[in-house]
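Architecture at a glance
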Amino acid sequence: MPRVQLTARFCDAAKSTDAVQTDYFDADTPGLALRVAKGGRKTWSYLFTSPATGKRTRMTLGTYPATSLSAARGKALTMTSNVEDGVDVARQVKGTGIVTVGDLWRRFDAQHVANLRSAGDIRSRWKKHIEPSLAHIRLADLKRTDVTAISSPLAAAGKGIMANRVFETVRLMTRWAVNEGYLETNPISEMKRPVKVESVRERALSTTEIKTIFDCLPDASMSADTEAVFRLLWLTGCRVSEIAELAVSEIHLDQRELVLPPERVKNGKMFRVPLVPGAVAILEEVLAARERRLERLGLQSPWVFTTLSREGASKPLVGHAVAKAVNRSQAVFKLHEAFTCHDIRRTIATHLAETGEPPIHIAAVLNHLSVTKASVTFKSYVHYAYEKEKRAALERWEARLRGIIAGTDNVLPMVGVAG
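Below is a short write-up of the structure. (Residues numbered from 1 in each chain as written. Predicted model: local features only at pLDDT ≥ 70, side-chain atom pairs only at ≥ 80, totals over all residues. Heavy atoms only, no water.)

Concerning the overall build of the protein chain
Quick note on the threshold: What counts as a helix is a DSSP run of H or I of at least four residues, what counts as a strand is a run of E of at least two, and both are numbered from the N terminus. Any residue under 20% of the maximum accessible area for its type is buried, any over 50% is exposed, and the rest in between are partly exposed; the area is computed with a 1.4 Å probe on protein chains only. Pairs of residues are marked as contacts when any of their non-hydrogen atoms sit within 4.5 Å. Each accessible area is a Shrake-Rupley result for a 1.4 Å probe, and residues are judged covered by the shown protein chains and nothing else.
Within the protein chain, the regular secondary structure consists of 18 helices and 10 strands. Buried residues in the protein chain amount to 44% of all 419 residues. Partitioning the contacts of the protein chain with sequence separation of at least 6, the portion at a separation of at least 24 is 55%. Just so you have it, the protein chain exposes about 21900 Å², and 53% of that area is on carbon and sulfur atoms.

Below you can see the structure in the form of structure tokens.
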């Protein structure tokens with residue numbers, strides 16, 4: 001266990017000299033060590049003699065570089081001071097009531113997941129796939145085989161994407177636990193995703209399928225809010241969470257657009273969504289019904305599509321709830337193959353391309369920066385968001401969608417575009 005003068009440069013370059021891991025003890029801060037695993041993961045540790053038991057004890061202070069050298073030294077010095085005062089810092093840190101994986105999940109959910117845009121999806125995976133098998137396991141006893149036992153059956157059943165997402169959810173939780181000091185090491189740190197290559201969905205609905213869906217929609221038993229979200233997906237090309245979790249402040253009917261803040265958008269960039277006439281009409285009806293409902297209940301809510309918790313508090317409708325409702329309605333639609341909410345985006349893009357819409361305009365509608373900002377020229381020099389082109393493309397799509405639903409659609413190239 002070498003003792004060295006730790007510097008940021010040394011920490012960046014440090015490698016394990018052992019088959020498993022190497023501890024580099026800081027010459028300036030007693031008890032502080034940088035533990036470097038064979039795979040390259042770096043964790044801060046603090047070793048001390050417990051004033052309660054007289055035994056040598058190791059505490060995890062975080063990971064590097066998330067926890068900097070100066071921050072780790074500060075934590076170690078605070079612990080040294082506490083130990084010298086006779087404080088049992090091991091009990092102080094570990095006495096959090098976290099014994100099982102389920103206990104850890106509740107802390108992880110409250111302190112980390114709740115702040116993520118993907119919280120609904122993560123919670124759904126925990127509830128359906130992870131909790132039944134892992135919640136009761138003691139955190140200290142969690143092994144790779146426990147995680148494999150829930151991801152492998154999904155992969156074997158052809159649900160490779162879900163198998164990977166379940167694994168990634170557990171890995172995210174255990175990494176957070178190490179960083180927060182609830183685990184000394186991550187038991188699945190060296191594990192790889194269950195499925196190396198994920199099969200990408202290619203489902204795009206035909207005009208016949210689209211007409212069938214809208215013909216059957218009144219019999220789909222969706223709530224009024226869910227049906228409104230579903231219809232708006234077809235008119236905006238948005239992701240389901242972007243519409244389901246819409247805030248009133250994000251709607252600008254006078255400008256006929258939605259303005260989605262960075263924290264609600266997958267690429268982390270503010271996004272303007274043009275509202276075609278059909279979308280404006282839906283939102284006007286939804287907002288009027290919302291006001292009547294909230295007034296009747298004596299509630300206030302910042303969200304457009306508001307639901308109530310068991311305690312009676314308002315909360316937003318979430319994307320995965322709409323996705324579930326659409327999945328339940330597949331028996332009513334009776335298509336040859338089920339579809340998802342995300343397939344609606346692919347369908348819109350496909351039909352826009354079929355009618356001659358330029359790829360960069362389609363990418364602008366879908367908010368795909370990988371196309372609209374693909375080159376240095378467009379990323380650094382062209383500061384243009386294609387707002388007019390997005391609106392025009394969605395207006396042409398709305399006209400075609402109305403024709404499909406009415407059974408009068410004819411696929412014609414756009415004016416000015418060679419057929």
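Some thoughts on the sheet that holds strand 5 (residues 56-64)
Selection rule: Paired strands, in this sense, are two strands between which DSSP finds at least two bridges. Think of each axis as a best-fit line through the C-alpha atoms, taken over the contacting stretch in the case of a helix, with angles from 0 to 180 degrees between the N-to-C directions.
What the five strands build is an open sheet, ordered 1-2-3-4-5; its pairing is mixed. The strands lining the two open edges of the sheet, one partner per strand, are strand 1 (3-4) and strand 5. Its contacts with the sheet place helix 7 (residues 160-180) against strand 4 (42-49) and strand 5, and it is angled at close to 120° to strand 5.

Overview of the nonpolar core
Applied cut-off: To form a nonpolar core, buried Ala, Val, Leu, Ile, Met, Phe, Trp, Tyr and Cys residues must be joined to one another through side-chain atoms within 4.5 Å.
Core analysis: the biggest nonpolar cluster contains 55 residues, and Ile-213, Val-229, Phe-230, Trp-234, Leu-258, Phe-305 and Phe-333 have the highest contact counts within it. The biggest single contributor to this core is helix 9 (residues 224-236), with seven residues. For Ile-213, the residues in contact, after removing those within four places along its chain, are Leu-205, Phe-230, Trp-234, Phe-333, Leu-335 and Phe-339. One finds Ile-98, Ala-119, Leu-139 and Ala-177 within the second-largest nonpolar core, a separate group that totals 29 residues.

Some thoughts on the pairing of strand 4
For strand 4, the tally of buried residues reaches seven of eight residues, placing the bulk of the element in the interior. Relative to strand 4, strand 3 (residues 32-37) runs antiparallel, the two being bridged by five bridges. Residue pairing for strand 4: Arg-35 is matched across the bridge by Thr-43. Taking the residues that link successive antiparallel strands as the turn, the strand 3-strand 4 hairpin has four residues, and the phi of Gly-40 there is positive, at about 105°. In terms of strand pairing, strand 4 meets strand 5 through eight bridges, oriented antiparallel. Each bridged residue has a counterpart across the sheet, and for Leu-47 the counterpart in strand 5 is Arg-58.

Some thoughts on the pattern of salt bridges
To keep it simple, the criterion reads: Salt bridge, as used here: a side-chain nitrogen of Lys or Arg that lies within 4 Å of a carboxyl oxygen of Asp or Glu.
Taken as a whole, this structure holds 23 salt bridges when the rule is applied. With its nearest N and O atoms 2.5 Å apart, the salt bridge here joins Arg-106 to Asp-103. Pair noted here: Arg-106 and Asp-103 are both in helix 4 (residues 101-111), with a separation of three residues, about one helical turn.

Digging into the packing of aromatic side chains
The condition is simple: Aromatic pairs are defined between Phe, Tyr and Trp rings, using the six-membered ring for Trp, whenever the two ring centres lie within 6.5 Å; interplanar angles under 30 degrees are classed as stacked, those over 60 as edge-to-face, and all others as tilted.
Per the stated rule, a full pass over the model turns up 13 aromatic pairs. Seen in terms of ring centroids, Trp-105 and Trp-126 are 4.6 Å apart; in terms of plane orientation they differ by 5°. Their pairing is stacked. Here Trp-105, found in helix 4, pairs with Trp-126, found in helix 5 (residues 119-134); they are 21 residues apart in sequence, far enough to count as distant. Like Trp-105, the residue Trp-126 is buried in the burial classification. Following the ring pairs from residue to residue traces out a cluster consisting of Trp-105, Phe-108, Trp-126, Trp-176 and Tyr-182.

Some points on unusual backbone geometry
Note that the residue after Tyr-64, namely Pro-65, is joined by a cis bond; omega there is 15°. As for its position among the elements, Pro-65 is in the loop between strand 5 and helix 2 (69-84). Located in the positive-phi region is Asn-367, a residue other than glycine, with phi close to 60°. Secondary-structure assignment places Asn-367 in the loop between helix 15 (359-366) and helix 16 (369-372). On the basis of relative accessible area, Asn-367 is assigned to the buried category, the value being 11%.

Some thoughts on the side chain of Asn-186
For clarity, the threshold we go by: Each polar contact in these results corresponds to two N or O atoms within 3.5 Å; when the atoms are within protein, one needs to be able to donate a hydrogen and the other to accept it, and residues that are neighboring in sequence are counted only if both atoms are side-chain atoms.
Relative to the elements of secondary structure, Asn-186 occurs in the loop between helix 7 and helix 8 (207-216). Since its relative accessible area comes to 8%, Asn-186 is described here as buried. In terms of polar contacts, Asn-186 uses its side chain to reach the side chain of Thr-174, at 3.0 Å. At 3.1 Å, the side chain of Asn-186 and the backbone nitrogen of Ile-188 are in polar contact.

Digging into helix 8
Among the residues of helix 8, Glu-209, Ile-210, Ile-213, Phe-214 and Cys-216 are the ones counted as buried. Where helix 8 is buried, its residues meet helix 9, helix 13 (330-333), helix 14 (341-354) and helix 18 (387-406).

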